[in-house]
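Examination of the molecular architecture
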Amino acid sequence: MTTLLLIAKEPRPGRVKTRLTPPFTPVEAAALAEASLVDTLHVMLATPARRRVLVLDGTPGPWLPPGFDVVPQCGGGLDERLAAAFAGCDGPALLIGMDTPQVTPELLTVDFADCDAYFGPAEDGGFWALGLADPDPGLLRGVPMSTPTTGAVQRMRLSAGGLRVRDLPALRDVDTAYDAELVAASAPDGRFARKLARLRTGVAG
(Lines give C-alpha, C1' and ligand atoms only; values in the text may rest on other atoms or scores of the structure.)
Protein backbone atom coordinates (compact mmCIF):
# COMPACT_ATOMS: atom_id res chain seq x y z
CA MET A 1 0.00 0.00 0.00
CA THR A 2 1.06 3.58 -0.63
CA THR A 3 2.27 6.11 1.93
CA LEU A 4 0.54 9.46 1.50
CA LEU A 5 2.68 12.53 2.19
CA LEU A 6 1.36 16.05 2.64
CA ILE A 7 3.88 18.87 2.71
CA ALA A 8 2.42 21.95 4.38
CA LYS A 9 2.98 25.10 6.36
CA GLU A 10 1.25 25.87 9.63
CA PRO A 11 -1.59 28.24 8.65
CA ARG A 12 -0.38 31.32 10.54
CA PRO A 13 -1.11 34.90 9.38
CA GLY A 14 1.74 36.39 7.43
CA ARG A 15 3.36 32.99 6.73
CA VAL A 16 0.92 31.44 4.28
CA LYS A 17 -0.97 32.54 1.19
CA THR A 18 0.62 35.98 1.11
CA ARG A 19 -0.39 36.39 -2.53
CA LEU A 20 -4.03 36.46 -1.40
CA THR A 21 -3.36 39.83 0.24
CA PRO A 22 -4.99 41.93 -1.04
CA PRO A 23 -7.96 41.57 -1.29
CA PHE A 24 -7.82 39.48 1.90
CA THR A 25 -6.08 40.38 5.12
CA PRO A 26 -3.26 38.15 6.41
CA VAL A 27 -5.68 36.70 8.97
CA GLU A 28 -8.24 35.92 6.27
CA ALA A 29 -5.57 34.45 3.99
CA ALA A 30 -4.45 32.18 6.83
CA ALA A 31 -8.06 31.12 7.40
CA LEU A 32 -8.31 30.14 3.73
CA ALA A 33 -5.03 28.26 3.99
CA GLU A 34 -6.32 26.37 7.01
CA ALA A 35 -9.55 25.46 5.21
CA SER A 36 -7.56 24.22 2.21
CA LEU A 37 -5.27 22.22 4.48
CA VAL A 38 -8.15 20.64 6.41
CA ASP A 39 -9.97 19.70 3.21
CA THR A 40 -6.82 17.99 1.99
CA LEU A 41 -6.23 16.18 5.27
CA HIS A 42 -9.74 14.76 5.26
CA VAL A 43 -9.42 13.62 1.64
CA MET A 44 -6.25 11.79 2.65
CA LEU A 45 -8.12 10.12 5.52
CA ALA A 46 -10.71 8.91 3.02
CA THR A 47 -8.00 7.43 0.77
CA PRO A 48 -6.68 3.89 1.40
CA ALA A 49 -3.06 4.20 2.55
CA ARG A 50 -0.33 2.32 4.35
CA ARG A 51 0.57 5.46 6.29
CA ARG A 52 -0.38 9.13 6.24
CA VAL A 53 2.34 11.67 6.98
CA LEU A 54 2.12 15.42 7.45
CA VAL A 55 5.49 16.98 6.65
CA LEU A 56 5.03 20.25 8.48
CA ASP A 57 6.76 23.60 8.64
CA GLY A 58 5.47 24.79 12.01
CA THR A 59 3.42 23.32 14.83
CA PRO A 60 0.29 21.16 14.58
CA GLY A 61 -2.93 22.80 15.75
CA PRO A 62 -6.52 21.78 16.43
CA TRP A 63 -7.03 21.65 12.67
CA LEU A 64 -5.10 18.34 12.52
CA PRO A 65 -7.37 15.27 12.70
CA PRO A 66 -6.17 11.96 14.18
CA GLY A 67 -4.54 9.48 11.87
CA PHE A 68 -1.40 11.33 10.79
CA ASP A 69 2.24 11.00 11.67
CA VAL A 70 3.78 14.47 11.85
CA VAL A 71 7.39 15.03 10.86
CA PRO A 72 9.16 18.40 10.62
CA GLN A 73 10.35 19.74 7.32
CA CYS A 74 14.10 19.83 6.93
CA GLY A 75 16.04 22.96 6.07
CA GLY A 76 17.05 24.03 2.59
CA GLY A 77 15.13 24.77 -0.56
CA LEU A 78 11.83 23.21 -1.51
CA ASP A 79 13.58 20.57 -3.62
CA GLU A 80 15.57 19.46 -0.57
CA ARG A 81 12.44 19.42 1.62
CA LEU A 82 10.52 17.32 -0.89
CA ALA A 83 13.48 14.99 -1.31
CA ALA A 84 13.72 14.55 2.47
CA ALA A 85 10.01 13.71 2.67
CA PHE A 86 10.52 10.85 0.23
CA ALA A 87 13.71 9.77 1.97
CA GLY A 88 11.65 8.94 5.04
CA CYS A 89 9.61 6.35 3.14
CA ASP A 90 10.49 2.69 2.72
CA GLY A 91 7.95 1.89 0.04
CA PRO A 92 5.70 3.47 -2.59
CA ALA A 93 4.74 7.05 -1.72
CA LEU A 94 2.58 9.82 -3.15
CA LEU A 95 3.30 13.41 -2.13
CA ILE A 96 0.91 16.33 -2.48
CA GLY A 97 0.71 19.91 -1.20
CA MET A 98 -1.88 21.89 0.72
CA ASP A 99 -2.88 24.14 -2.19
CA THR A 100 -5.37 21.87 -3.99
CA PRO A 101 -8.43 21.43 -1.73
CA GLN A 102 -10.39 20.19 -4.75
CA VAL A 103 -8.42 16.93 -4.73
CA THR A 104 -10.40 13.72 -4.28
CA PRO A 105 -9.73 10.23 -2.87
CA GLU A 106 -10.05 8.88 -6.41
CA LEU A 107 -7.13 11.04 -7.58
CA LEU A 108 -4.99 9.92 -4.64
CA THR A 109 -5.71 6.21 -5.04
CA VAL A 110 -2.75 5.11 -7.14
CA ASP A 111 -1.50 1.70 -8.25
CA PHE A 112 2.16 1.22 -9.09
CA ALA A 113 1.60 -2.23 -10.58
CA ASP A 114 2.41 -1.06 -14.12
CA CYS A 115 4.28 2.20 -13.58
CA ASP A 116 7.13 3.64 -11.54
CA ALA A 117 5.87 7.17 -10.95
CA TYR A 118 2.80 9.36 -10.93
CA PHE A 119 2.97 13.02 -11.91
CA GLY A 120 0.23 15.60 -11.34
CA PRO A 121 0.91 18.86 -13.19
CA ALA A 122 -0.35 22.16 -11.84
CA GLU A 123 -1.84 24.76 -14.14
CA ASP A 124 0.75 27.34 -13.07
CA GLY A 125 3.60 25.22 -14.43
CA GLY A 126 4.45 23.42 -11.19
CA PHE A 127 3.10 20.11 -9.95
CA TRP A 128 0.55 19.19 -7.31
CA ALA A 129 1.39 15.49 -6.93
CA LEU A 130 4.39 13.25 -7.29
CA GLY A 131 4.32 9.52 -6.68
CA LEU A 132 7.32 7.20 -6.64
CA ALA A 133 7.23 3.42 -6.40
CA ASP A 134 10.83 3.53 -5.21
CA PRO A 135 11.26 6.85 -3.38
CA ASP A 136 14.59 8.19 -4.66
CA PRO A 137 15.36 11.65 -3.21
CA GLY A 138 17.83 12.24 -6.02
CA LEU A 139 14.94 12.56 -8.46
CA LEU A 140 13.99 15.86 -6.80
CA ARG A 141 17.24 17.44 -5.68
CA GLY A 142 18.31 20.25 -7.98
CA VAL A 143 14.93 20.73 -9.66
CA PRO A 144 14.27 24.51 -9.73
CA MET A 145 11.13 25.16 -7.71
CA SER A 146 8.47 27.87 -7.97
CA THR A 147 9.16 28.66 -11.62
CA PRO A 148 6.89 28.35 -14.69
CA THR A 149 8.96 25.35 -15.83
CA THR A 150 9.21 23.46 -12.53
CA GLY A 151 6.70 20.83 -13.57
CA ALA A 152 8.27 20.29 -16.97
CA VAL A 153 11.76 19.90 -15.47
CA GLN A 154 10.51 17.48 -12.80
CA ARG A 155 8.59 15.45 -15.37
CA MET A 156 11.68 15.25 -17.60
CA ARG A 157 13.77 14.20 -14.61
CA LEU A 158 11.47 11.22 -14.09
CA SER A 159 11.59 10.21 -17.75
CA ALA A 160 15.35 10.69 -17.94
CA GLY A 161 15.66 8.32 -14.99
CA GLY A 162 14.00 5.60 -17.06
CA LEU A 163 10.79 5.62 -15.02
CA ARG A 164 7.44 4.68 -16.47
CA VAL A 165 5.31 7.69 -15.62
CA ARG A 166 1.54 7.89 -15.38
CA ASP A 167 0.13 11.39 -15.56
CA LEU A 168 -2.66 12.62 -13.31
CA PRO A 169 -5.07 15.39 -14.33
CA ALA A 170 -3.82 18.96 -14.11
CA LEU A 171 -5.14 20.89 -11.10
CA ARG A 172 -5.03 24.56 -10.16
CA ASP A 173 -3.12 25.65 -7.07
CA VAL A 174 -4.62 28.32 -4.83
CA ASP A 175 -2.13 31.17 -5.07
CA THR A 176 -4.19 34.25 -5.92
CA ALA A 177 -7.75 35.39 -5.25
CA TYR A 178 -8.60 34.48 -8.85
CA ASP A 179 -7.30 30.95 -8.28
CA ALA A 180 -9.34 30.74 -5.07
CA GLU A 181 -12.56 31.53 -6.90
CA LEU A 182 -11.97 28.89 -9.58
CA VAL A 183 -10.91 26.21 -7.10
CA ALA A 184 -13.89 26.90 -4.85
CA ALA A 185 -16.23 26.64 -7.83
CA SER A 186 -14.78 23.21 -8.67
CA ALA A 187 -15.37 21.93 -5.11
CA PRO A 188 -18.32 23.96 -3.84
CA ASP A 189 -19.13 21.68 -0.89
CA GLY A 190 -15.71 21.86 0.74
CA ARG A 191 -14.53 23.86 3.74
CA PHE A 192 -12.41 26.03 1.47
CA ALA A 193 -15.37 27.05 -0.69
CA ARG A 194 -17.54 27.78 2.35
CA LYS A 195 -14.81 29.85 4.00
CA LEU A 196 -14.22 31.80 0.80
CA ALA A 197 -17.94 32.52 0.43
CA ARG A 198 -18.08 33.91 3.97
CA LEU A 199 -14.99 36.04 3.48
CA ARG A 200 -16.16 37.24 0.07
CA THR A 201 -19.31 38.56 1.69
CA GLY A 202 -17.22 40.38 4.24
CA VAL A 203 -14.86 41.79 1.61
CA ALA A 204 -17.73 42.91 -0.56
CA GLY A 205 -19.32 44.62 2.42
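Above this note sits the structure.
It should be emphasised that the depicted structure is a prediction, and the values quoted were computed from it without experimental measurement.

Our focus in this paragraph is the overall build of the protein chain. A count of helical and extended segments in the protein chain gives six helices and seven strands. Walking the protein chain from its N terminus toward its C terminus, one meets helices and strands in the order β-α-β-β-α-β-α-β-β-α-β-α-α. Overall, the C-alpha framework of the protein chain stretches about 55 × 35 × 30 Å when taken along its three principal axes. Relative to its full complement of 205 residues, the protein chain shows a buried share of 47%. Within the protein chain, contacts between residues separated by at least 24 positions form 65% of all contacts whose residues are at least 6 apart in sequence. Entry remark: accessible area of the protein chain is about 9,200 Å², with carbon and sulfur atoms responsible for 54%.

Moving on: unusual backbone geometry. A cis amide bond links threonine 21 with the next residue in sequence, proline 22, at an omega value of -15°. Its place among the elements puts proline 22 in the loop between strand S1 (3-9) and helix H1 (26-45). Residues proline 22 and proline 23 are joined by a peptide bond in cis, for which omega reads 10°. Relative to the helices and strands, proline 23 resides in the loop between S1 and H1. If you check the backbone angles, lysine 17 has positive phi at about 50° while not being a glycine.

So, about the sheet that holds strand S2 (residues 51-57). Strand order in the open sheet made by the seven strands is S3-S2-S1-S4-S6-S5-S7, with mixed pairing throughout. At either end of the open sheet lies a strand with only one pairing partner, and these are strand S3 (69-72) and strand S7 (165-167). For this sheet the average axis-to-axis angle between neighbouring strands, irrespective of direction, equals 20°. When strand S4 (residues 93-97) meets strand S6 (residues 127-132), the two strands line up antiparallel, connected through four bridges.

As a rule of thumb, nonpolar side chains are buried together in soluble globular proteins. Within the largest apolar cluster, 31 residues are counted, with the highest numbers of intra-cluster contacts made by Leu6, Trp63, Leu108 and Trp128. Those elements that provide at least two residues to this core are S1, H1, S2, S4, helix H3 (105-108) and S6. The leading source of residues in this core is H1, at seven residues. In contact with tryptophan 63, not counting residues within four places along its chain, are Pro11, Glu34, Leu37, Val38, Leu41, Leu54 and Leu56.

Before going further, it helps to spend a moment on the environment of aspartate 114. With respect to the helices, strands and loops of the structure, aspartate 114 is situated in the loop between H3 and strand S5 (117-121). Taking the C-alpha atoms as reference, aspartate 114 lies 9.1 Å from arginine 166; in sequence the two are 52 residues apart. With sequence-adjacent residues up to four places away left out, aspartate 114 is seen in contact with Arg164 and Arg166. Only 2.6 Å separates the side chain of aspartate 114 from the side chain of arginine 166, close enough to count as a polar contact.

With that settled, consider helix H2 (residues 78-87). Looking only at H2, the buried set comprises Asp79, Leu82, Ala83, Ala85 and Phe86. End-on, the buried residues of H2 take up no more than an arc of 155°, which puts them together on one face. Considering only its buried residues, H2 is in contact with S1, S2, S4 and S6.

Moving on, we get to the pairing of S2. Counting buried positions over the seven residues of S2 gives five, a clear majority of the element. Crossover S1 to S2 through H1 is right-handed.

This part is about the packing of aromatic side chains. Here the distance between the centres and the angle between the planes together describe a pair of aromatic rings. As enumerated under the stated definition, the model contains two aromatic pairs in all. Measuring from ring centre to ring centre gives 5.2 Å for phenylalanine 112 and tyrosine 118, while their planes differ by 90°; the resulting arrangement is edge-to-face. Across the pair, exposure class does not vary: phenylalanine 112 and tyrosine 118 are buried alike. Considering the side-chain rings of phenylalanine 119 and phenylalanine 127, the 5.6 Å spacing of their centres and the 40° angle between planes classify their relative orientation as tilted.

With respect to the helices and strands, threonine 47 occurs in the loop between H1 and S2. If we ignore the near neighbours within four places in the chain, the residues touching threonine 47 are Leu4, Arg52, Pro105, Leu108 and Thr109.

Conventions adopted
- Residues numbered from 1 in each chain as written.
- Predicted model: local features only at pLDDT ≥ 70, side-chain atom pairs only at ≥ 80, totals over all residues.
- Heavy atoms only, no water.
- Helix = DSSP H or I, 4+ residues; strand = E, 2+ residues; numbered from the N terminus.
- Buried < 20%, exposed > 50% of the residue type's maximum accessible area, 1.4 Å probe, protein only.
- Contact = heavy atoms within 4.5 Å.
- Areas by Shrake-Rupley, 256 points an atom, 1.4 Å probe, with all protein chains shown as cover.
- Pairing = 2+ DSSP bridges.
- Axes fitted to C-alpha atoms, helices over the stretch in contact; angles between N-to-C directions.
- Core = buried A, V, L, I, M, F, W, Y, C linked by side-chain atoms within 4.5 Å.
- Polar contact = N/O pair within 3.5 Å; in protein donor to acceptor, adjacent residues only side chain to side chain.
- Arc of directions from axis to C-beta.
- Right-handed = clockwise from strand over helix to strand, strands pointing away.
- Phe/Tyr/Trp six-rings, centres within 6.5 Å; stacked < 30°, edge-to-face > 60°.

The values are spatial; any link to function lies outside them.
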